[in-house]
Every structure is written in C-alpha cells, then in structure tokens.
Amino acid sequence: MRILLWALVGAVVLAIVAIAAIPLFVLLDLRGGGDGWGLCPGGLGACESSYFDGPELATALAIAILALVGLLRVLYHLRRVLARHGGSRVNAPGSPPRRPAAPLR
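Draft legend 1. Spatial organisation of helix 2 (residues 53-84). In a regular helix each residue adds 1.5 Å, so 32 residues correspond to 46 Å; helix 2 covers 47 Å between its end C-alpha atoms and thus fits that length. Those residues of helix 2 lying buried are Leu61, Leu68, Leu72, Leu75 and Leu82. Taken together, the buried residues of helix 2 touch helix 1 (2-31). Count one or two residues on from helix 2 and you reach Gly86, which has phi positive near 85 degrees.

Here it is, written out as structure tokens:
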C-alpha cells in the first residue's frame, strides 16, 4: 500500500509540473511559427483570437493545478494516517493480535 501511495504522489506531482509547463510550450510553438496549440489558428501574424482565450486557458490551468494540489494533500493525509496506524499490516495466522492503540487524551 505504501508503494502505491508513493506512486500516486509521484504521478500527481508530475501532472502538476506538466500542467504548469503548458504555457511555455504554447509560447514556444507560437515562436516557431505554429498555431500555439490552437490558440491562433492562422499563426501569430494572423491571430484573431478573442481577449478571453488567454485568461480562459489560465483559469482552466489554475483550476486543474489547484485540484491536483488538493488531491496531493489528501494523499499525504492518507499516508500520515496509514503511518500512524501501522499501515496495512495484517497479523500472520497463529500470531497474537496486536494491542489496540492507547486512547488519545
């Protein structure tokens, strides 16, 4: 369970980095004469996009990053809970049961 949790954390961090890099790739595509991943279909010289295309993209990317950061917080909380309660250890057959944790005061 611990390895799966670390793999999920790594995937979320990679997704955050990838989403944060999208504006850089759009600008590099425009600089190279491309259409900026669909932002300016005719290229930068003939760009007739509305005023809201840039802020709309920025808002969508910010919402995606905030959602992933929220997921990252949940994963770290889950990791902390698993560490506090001993993870997913199961008693082997024939072994004595584990003592319950001391009550919180």
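Draft legend 2. Representation of a positive patch on the surface. Residues Arg2, Arg73, Arg79, Arg80 and Arg84 make up a contiguous surface patch of positive charge. Sorting elements by how many residues they give to the positive patch places helix 2 first, with 4 residues. Along the chain, Arg2 turns up in helix 1. Given a relative accessible area of 57%, Arg2 falls into the exposed group.

Draft legend 3. Seen up close, helix 1. In a regular helix each residue adds 1.5 Å, so 30 residues correspond to 44 Å; helix 1 covers 44 Å between its end C-alpha atoms and thus fits that length. Its maximal kink placed at Ile22, helix 1 deviates by approximately 35 degrees, while the proline Pro23 follows within four residues. Along helix 1, the residues that are buried comprise Leu5, Val9, Val12, Ile16, Ile19, Ala21, Val26 and Leu30. For helix 1, the secondary structure elements touched by its buried residues are helix 2. Backbone geometry just downstream of helix 1 places Gly33 in the positive-phi region, at approximately 95 degrees.

Draft legend 4. Summary view of the environment of Leu8. Positionally, Leu8 belongs in helix 1. Given the relative accessible area of 38%, Leu8 is considered partly exposed. In this structure the C-alpha to C-alpha distance between Leu8 and Leu71, which are 63 residues apart in sequence, comes to 9.8 Å.

Draft legend 5. Representation of the packing of helix 1 against helix 2 within the structure. Following both chains from N to C, one finds helix 1 and helix 2 inclined at 165 degrees, their axes separated by 10 Å at the closest point. With respect to helix 2, the axis of helix 1 lies roughly antiparallel. Crossing hand, helix 1 versus helix 2: left-handed. In contact with Leu5, Trp6, Leu8, Val9, Val12, Val13, Ala15, Ile16, Ile19, Ala20, Ile22 and Pro23 of helix 1, helix 2 contributes Leu61, Ala64, Ile65, Leu68, Val69, Leu71, Leu72, Leu75, Tyr76, Leu78, Arg79 and Leu82. Looking at side-chain class alone, the contact of helix 1 with helix 2 contains 23 nonpolar, no polar and 1 charged residues.

Parameters and conventions
Residues numbered from 1 in each chain as written. Predicted model: local features only at pLDDT ≥ 70, side-chain atom pairs only at ≥ 80, totals over all residues. Heavy atoms only, no water. Helix = DSSP H or I, 4+ residues; strand = E, 2+ residues; numbered from the N terminus. Expected span 1.5 Å × (residues − 1). Buried < 20%, exposed > 50% of the residue type's maximum accessible area, 1.4 Å probe, protein only. Contact = heavy atoms within 4.5 Å. Patch = residues over 30% accessible without salt bridge, like charges linked within 9 Å, V, L, I, M, F, W, Y side chains within 5 Å. Areas by Shrake-Rupley, 256 points an atom, 1.4 Å probe, with all protein chains shown as cover. Salt bridge = Lys/Arg side-chain N within 4 Å of Asp/Glu carboxyl O. Lys, Arg positive; Asp, Glu negative; His and termini not counted. Charge placed at Lys NZ, Arg CZ, Asp CG, Glu CD. Bend = angle between axes of the 7 residues up to and from the residue. Axes fitted to C-alpha atoms, helices over the stretch in contact; angles between N-to-C directions. Parallel < 35°, antiparallel > 145°, perpendicular 65-115°, else oblique. Left-handed = near helix turned anticlockwise from the far one by under 90°. Nonpolar A, V, L, I, M, F, W, Y, C, P; charged D, E, K, R; others polar.

Any functional reading would require information beyond the geometric quantities listed.
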